[in-house]
Amino acid sequence: QVLLVESGGGLVQAGGSLRLSCAASGIIFSIVGMGWYRQAPGKERELVAFITRAGGSNYADSVKGRFTISRDNAKNTVYLQMNSLKAEDTAVYYCATTQGGGRPTGYWGQGTQVTVSS
């Protein structure tokens, strides 16, 4: 059974930082791509960043230069370091297994709320 568990969300002031973690189990983590998505109220879920099994990464234009995705294969964990947070970053953040181009492959975490106060 594949299980993805996010943590690290919370309430932060604009300009602050948070680090999200996603711990995976039930998969051979080192051979899958991983991504972070977010969904704000009234909006569709969008891709924030993804990292390939080789460690290459890509970001949405809205977060480039502020967010960093990384992975630790020894811990079966993917991270999202979020700096210079803005009110518009407020959303539920989800991790997911991904394939080429960050497309989700069907496994999702339960989500973690990030709220940025302005």
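What follows deals with the side chain of R66. You can see R66 is positioned in the loop between β6 (57-59) and β7 (67-72). Given a relative accessible area of 10%, R66 falls into the buried group. A polar contact is formed between the side chain of R66 and the backbone oxygen of S84, at a distance of 2.9 Å. A distance of 2.7 Å separates a polar atom in the side chain of R66 from a polar atom in the side chain of D89. Setting aside anything within four residues of it in sequence, one finds R66 in contact with Q81, M82, N83, S84, L85, K86 and D89.

Using the criterion set out here, one finds one disulfide in the structure. Here C22 engages in a disulfide with C95; their sulfurs sit 2.0 Å apart. Because the sign of the S-S torsion sets the handedness, a value of about 50° for the bond joining C22 and C95 places this disulfide among the right-handed ones. Here C22, found in strand β3 (residues 18-25), pairs with C95, found in strand β9 (residues 91-98); they are 73 residues apart in sequence, far enough to count as distant. Here C22 and C95 have matching classes, each one buried.

What counts as what
- Residues numbered from 1 in each chain as written.
- Predicted model: local features only at pLDDT ≥ 70, side-chain atom pairs only at ≥ 80, totals over all residues.
- Heavy atoms only, no water.
- Helix = DSSP H or I, 4+ residues; strand = E, 2+ residues; numbered from the N terminus.
- Buried < 20%, exposed > 50% of the residue type's maximum accessible area, 1.4 Å probe, protein only.
- Polar contact = N/O pair within 3.5 Å; in protein donor to acceptor, adjacent residues only side chain to side chain.
- Contact = heavy atoms within 4.5 Å.
- Disulfide = S-S within 2.5 Å.

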